[in-house]
Amino acid sequence: METKRTSSKEIIAYLAEKFPACFSIEGAAKPLKIGIFQDLAESLSEDETVSKTRLRQALRHYTSSWRYLKSIKAGSFRVNLAGENAEEIDKEQADYAAKTLKESQEKFANKKQQDNNEKKTYKNKKSNANKPAGDNKRSQKFKSVKSPAKKSSKPAAPLKPVESSTIKVSQKVKVQLGQSPMNATITEIAGDDISVQLDSGMVVKTRIQNIFSE
């Protein structure tokens, strides 16, 4: 009995091998025919290595990738499993794909900037901690002067970690990627590795400790 393919990466590689005129793992992607999931489910109905649930998740990952979104151009054609032209892509579909791509790229750029800022902040704190103390008398003088009490801002409600035994695919959660938690939907669970789709459509992989209840 063959081992089941559980990760989206494995399934997409398998689809590219079985339907090379339709799927690919590198280079330019081809727009997929609307309803291709049903065609795949029928074609792989006897294949016990791929479940319908995993197949649907893999398709979602494939069609939300930047490489795929770039292929959705007005006037080009979607293809079936044999690589034959199906529906023509209209302007509305192309505009939606372009909008989704832009939002996903901006979200990625913002996260990268946040990560860089956090690294700089950490380095600055570490550098300041290593600096020698200033003049003792001056330090004591400033210590004796009481600063006016600052009004404390209302703390944000603490995030509630999810229980690993209760999480499931399609569950709405919050994911901590940068400084602020983002709304997301779980698309794949592989042990402590969790794949989620952000509201922007971007799919990212993270760890279970970064997943929280809404």
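Counting of residues starts from 1 at the beginning of each chain's written sequence and follows it residue by residue. Local features in a predicted model are, by the rule used here, given only for residues with pLDDT of at least 70; side-chain atom pairs are given and counted only at 80 or more, and totals for whole chains, interfaces and linings are based on all residues. In computing side-chain values, all of the structure's heavy atoms are included and hydrogens and water are not.

Formally: UniProt positions are given in the numbering used here, feature names are shortened, and annotations may be inferred rather than shown by experiment.
As recorded by an unreviewed UniProt entry, the protein chain carries the name RNA chaperone ProQ and is attributed to Thalassotalea algicola. Listed in UniProt under the heading Sequence similarities (unreviewed entry), the comment for the protein chain reads: "Belongs to the ProQ family." Listed under Subcellular location (unreviewed entry) in UniProt, the entry text for the protein chain is "Cytoplasm".

1. Section: the overall build of the protein chain
For clarity, the threshold we go by: Only DSSP runs of H or I with at least four residues qualify as helices, and only runs of E with at least two residues qualify as strands; both kinds are numbered from the N terminus onward. Under the scheme applied here, a residue whose accessible area is under 20% of the maximum for its type counts as buried, over 50% as exposed, and between as partly exposed, the area being computed with a 1.4 Å probe on protein chains only. We call two residues contacting when some pair of their heavy atoms lies within 4.5 Å. Surface accessibility follows the Shrake-Rupley procedure with a 1.4 Å probe radius. Residue values consider only the protein chains on display as shielding.
Summing up its helical and strand segments, the protein chain has six helices and seven strands in all. N-terminal to C-terminal, the α/β element order of the protein chain is α-α-α-α-β-β-α-α-β-β-β-β-β. When the 214 residues of the protein chain are sorted by exposure, 31% land in the buried category. Pairs at least 24 apart in sequence give 55% of the contacts found in the protein chain among residues at least 6 apart. Counting only carbon and sulfur atoms, one obtains 51% of the accessible surface of the protein chain, whose full area is about 14800 Å².

2. Observations concerning helix α2 (residues 36–43)
Inclusion rule: Directions pointing from the helix axis toward each C-beta atom define the arc.
What α2 keeps buried is the set I36, F37, L40 and A41. Looking down the long axis of α2, one finds its buried residues gathered within 140 degrees of arc, a one-sided arrangement. Buried residues belonging to α2 abut α1 (8–18), α3 (52–63) and β1 (77–79).

3. Description of the packing of α2 against α3
Axis angle and axis distance: for two packed helices, these are the angle between their axes and the distance between the axes, and together they describe the pair. Formally: Comment: axis = line fitted to C-alpha atoms, over the contacting stretch for helices; angle = value between 0 and 180 degrees taken between N-to-C directions. Roughly parallel covers angles under 35 degrees, roughly antiparallel covers those over 145, roughly perpendicular covers 65 to 115, and oblique covers all other angles. In this scheme, a crossing is called left-handed if the near helix is turned counterclockwise away from the far one by less than a right angle; it is called right-handed if the turn is clockwise. Each residue is assigned to one class: nonpolar for Ala, Val, Leu, Ile, Met, Phe, Trp, Tyr, Cys and Pro, charged for Asp, Glu, Lys and Arg, and polar for all the others, Gly among them.
The geometry of α2 relative to α3 is characterised by a closest axis approach of 11 Å and an angle of 140 degrees between their N-to-C directions. Relative to α3, α2 is oriented oblique. At the point where α2 passes α3, the crossing takes the right-handed sense. Only K52, L55, R56 and L59 of α3 make contact with α2, whose side of the interface consists of I36, F37, L40 and A41. A class-by-class count of the residues in the contact of α2 with α3 yields six nonpolar, no polar and two charged.

4. A word on the sheet that holds strand β4 (residues 181–190)
For clarity, the threshold we go by: Here, a strand pair is defined by DSSP locating no fewer than two bridges between the strands.
Here five strands make up an open sheet; going across it, the order is β6-β5-β4-β3-β7 and the pairing antiparallel. Two strands close off the open sheet at either side, each with one partner strand: β6 (203–207) and β7 (211–213). The sheet shows a mean angle of 50 degrees between the axes of neighbouring strands, taken without regard to direction. In this sheet, strand β5 (residues 193–198) lies alongside β4 in antiparallel orientation, the contact comprising six bridges. Across the sheet, the residue bridging to T185 is Q197, located in β5. Running over the sheet, α3 touches β4, β5 and β6 and is turned about 135 degrees from β4.

5. Observations concerning the packing of aromatic side chains
This is how it is decided: Classification of ring pairs uses Phe, Tyr and Trp, with its six-membered ring standing for Trp, and accepts pairs whose centres are within 6.5 Å; under 30 degrees between planes counts as stacked, over 60 as edge-to-face, and the remaining range as tilted. A ring is scored as having a charge over it whenever the NZ atom of a lysine or the CZ atom of an arginine sits within 6 Å of its centre and within 35 degrees of its normal.
Counted according to the given criterion, the structure contains three aromatic pairs. Seen in terms of ring centroids, Y62 and Y68 are 5.8 Å apart; in terms of plane orientation they differ by 55 degrees. Their pairing is tilted. A relative accessible area of 4% places Y62 in the buried class. Put simply, the rings of F23, Y62 and Y68 touch in pairs and so form one group of aromatic residues. The ring of Y14 has R5 sitting right over it, with the charged end atom 3.9 Å from the ring centre. Directly above the ring of F37 sits R56, whose terminal nitrogen or CZ lies 4.0 Å from the centroid.

6. What about the pattern of salt bridges?
Pairing between side chains becomes possible if they bear opposite charge and their charged atoms approach one another. Basically, it comes down to this: Counted as salt bridges are all cases of a side-chain nitrogen of Lys or Arg within 4 Å of a carboxyl oxygen of Asp or Glu.
Scanning all chains against the criterion turns up five salt bridges. Across the pair D95 and K91 runs a salt bridge whose closest N-O atoms are separated by 2.7 Å. Here K91 and D95 lie together in helix α5 (residues 91–129), a separation of four residues that amounts to about one turn. The exposure class assigned to D95 is partly exposed, which follows from its relative accessible area of 40%. For K99, the salt bridge goes to E103, with nearest N and O atoms at 2.9 Å. In this pair, K99 and E103 are both assigned in helix α5, four residues apart and thus about one turn of the helix distant. Under the relative-accessibility criterion, E103 is labelled partly exposed at 28%.

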